[in-house]
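# Coordinates in review
Take a look at the letters that make up each chain.
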Amino acid sequence: MTKAAIFDVDGTLLDSVDLHALSWDEAMVKFGHDVSFEQARGPIGKGGDKLIPHFLSEEAQRDHGNEMEEWRSNRFKSQYLPMVRPFSAVPDLLRRVKDAGVRIAVASSAKKDELSKYLEIAGIGDLVDVTTSSDDVQESKPAPDIFDAVLNKLGVEGHDAVAIGDTPYDAEAARKAQIAIVGVLCGGFTKSSLRQAGCVQIYPGPGALLACFGDSLLAR
């Protein structure tokens, strides 16, 4: 029986991936790195601790890595956060999960202050039992730290939970934490990439997962 549903946020509950990619692209260019929007979008879903080394040499990281990440964060909050919207049926899906007697957690690579705002935008703050952000762990996804931390907060084992995410990094992290994961396509990754990374079921988005709830891992 599923005891807990652990949701990613960016690209899973909120339509925010392109906006994050824009802020990272702008930050890279501002600090002298030739990175396209398409290149910046691919690693979205990882935390800054994994994304920055993807593009910057160790020397560049020491020189301006922290400054660039701070600039990117401020740029996203001021320019793009007001544009973030939830995908359809997000509160309805979480209420359906609650009605099934399943506890709800979110496990995001976002910073804690950003995550609080995300829950407000999605209209789900009162439905979430446990939250875990990148501030709670040493390594972000695809490391399993965030899922390990949220399992500890929930007091359940990996086999008692189901994760829901939109990226291969969510799937890899969940698999390492021994959690079955349901993939959603609304974040922009392909079905084949999610399947290859370990997603057991795949749906177009939260609305489709709600419509097919009875056949999903959440209802097992």
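In terms of helices and strands, the protein chain carries ten helices and eight strands. Counting only C-alpha atoms and orienting by the principal axes, one finds that the protein chain spans roughly 50 × 30 × 30 Å. For the protein chain, the share of sequence-separated contacts (at least 6 apart) that also reach a separation of at least 24 residues comes to 64%. Surface summary for the protein chain: the accessible area is close to 9700 Å², and the carbon and sulfur share equals 46%. Counting 24 positive and 33 negative side-chain charges, the protein chain places the averaged centre of each group 4 Å from the other.

On to the sheet that holds strand E7 (residues 180–184). If you walk across this open sheet you meet the six strands as E5-E4-E1-E6-E7-E8, and the pairing is parallel. Across the chains shown, the open sheet's two edge strands, defined by having one partner strand only, are strand E5 (130–132) and strand E8 (201–203). Strand after strand, the sheet turns through a mean of 20 degrees between neighbouring axes, direction not considered. For E7 and E8, the ladder comprises three bridges, and the chain directions are parallel.

What follows deals with the environment of Asp126. Along the chain, Asp126 falls in the loop between helix H6 (112–122) and E5. Here the alpha-carbon distance between Asp126 and Glu172, two residues 46 residues apart in the chain, equals 29 Å.

We now examine the pairing of E7. Side-chain positions along a regular strand alternate between the two faces of the sheet. Judged by how many residues are buried, E7 sits mostly within the fold: four of five residues are covered. Two elements, strand E6 (residues 161–165) and E7, share four bridges in a ladder whose sense is parallel. Each bridged residue has a counterpart across the sheet, and for Val162 the counterpart in E7 is Ala180. One crossover worth recording links E6 to the parallel E7 by way of helix H8 (residues 168–176), and it is right-handed. For the handedness criterion, the β-α-β arrangement of E7, helix H9 (residues 191–197) and E8 is classed as right-handed.

Within soluble globular proteins, side chains that are nonpolar tend to cluster in buried spots. One finds Phe7, Leu94, Val97, Tyr118, Ile124, Ile164 and Leu218 to be the most contacted residues of the largest nonpolar core, which totals 35 residues. For this core, the secondary structure elements donating two or more residues are strand E1 (4–7), helix H4 (58–80), helix H5 (90–99), strand E4 (103–107), H6, E6 and E7. Sequence-distant contacts of Tyr118, that is, excluding residues within four places in its chain, are made with Val9, Asp10, Leu14, His20, Phe76, Leu81 and Ala110. Core analysis: the next-biggest nonpolar cluster, separate from the first, contains 27 residues, Ala105, Val150, Ile179 and Ile202 among them.

On to H4. Note on helix geometry: an α-helix contains 3.6 residues per turn, so any two residues three or four positions apart are oriented the same way. In a regular helix each residue adds 1.5 Å, so 23 residues correspond to 33 Å; H4 covers only 29 Å between its end C-alpha atoms and thus falls short of that length. The largest bend along H4 measures about 65 degrees and falls at His64. In this structure, the buried side of H4 is in contact with helix H1 (17–30), helix H3 (48–55) and H6.

The element E4 is largely enclosed, with a buried count of four among its five residues. With four bridges joining them, E1 and E4 adopt parallel strand pairing. Residue pairing in the sheet places Phe7 in a bridge with Val106 of E4. Relative to E5, E4 runs parallel, the two being bridged by three bridges. Residue pairing for E5: Val106 is matched across the bridge by Thr131. In this view, the connection linking E4 to its parallel neighbour E5 by way of H6 has right-handed handedness.

Bringing the packing of aromatic side chains into the picture now. Scanning the model with the defined rule gives one aromatic pair in all. Ring centres of Tyr169 and Phe189 lie 5.9 Å apart, and the angle between their planes is 85 degrees; this geometry places the pair in the edge-to-face category. Of the two residues, Tyr169 is situated in helix H8 and Phe189 in the loop between E7 and H9; the sequence distance between them amounts to 20 residues. A relative accessible area of 13% places Tyr169 in the buried class.

Looking now at the side chain of Ser109. Summarising the element assignment, Ser109 is placed in the loop between E4 and H6. Separated by 3.3 Å, the side chain of Ser109 and the backbone oxygen of Gly45 make a polar contact. When sequence neighbours within four positions are dropped, the list of residues in contact with Ser109 reads Gly45, Lys46, Gly47, Ser134, Ser140, Lys141 and Ile146.

Conventions we followed
- Residues numbered from 1 in each chain as written.
- Predicted model: local features only at pLDDT ≥ 70, side-chain atom pairs only at ≥ 80, totals over all residues.
- Heavy atoms only, no water.
- Helix = DSSP H or I, 4+ residues; strand = E, 2+ residues; numbered from the N terminus.
- Contact = heavy atoms within 4.5 Å.
- Areas by Shrake-Rupley, 256 points an atom, 1.4 Å probe, with all protein chains shown as cover.
- Lys, Arg positive; Asp, Glu negative; His and termini not counted.
- Charge placed at Lys NZ, Arg CZ, Asp CG, Glu CD.
- Pairing = 2+ DSSP bridges.
- Axes fitted to C-alpha atoms, helices over the stretch in contact; angles between N-to-C directions.
- Buried < 20%, exposed > 50% of the residue type's maximum accessible area, 1.4 Å probe, protein only.
- Right-handed = clockwise from strand over helix to strand, strands pointing away.
- Core = buried A, V, L, I, M, F, W, Y, C linked by side-chain atoms within 4.5 Å.
- Expected span 1.5 Å × (residues − 1).
- Bend = angle between axes of the 7 residues up to and from the residue.
- Phe/Tyr/Trp six-rings, centres within 6.5 Å; stacked < 30°, edge-to-face > 60°.
- Polar contact = N/O pair within 3.5 Å; in protein donor to acceptor, adjacent residues only side chain to side chain.

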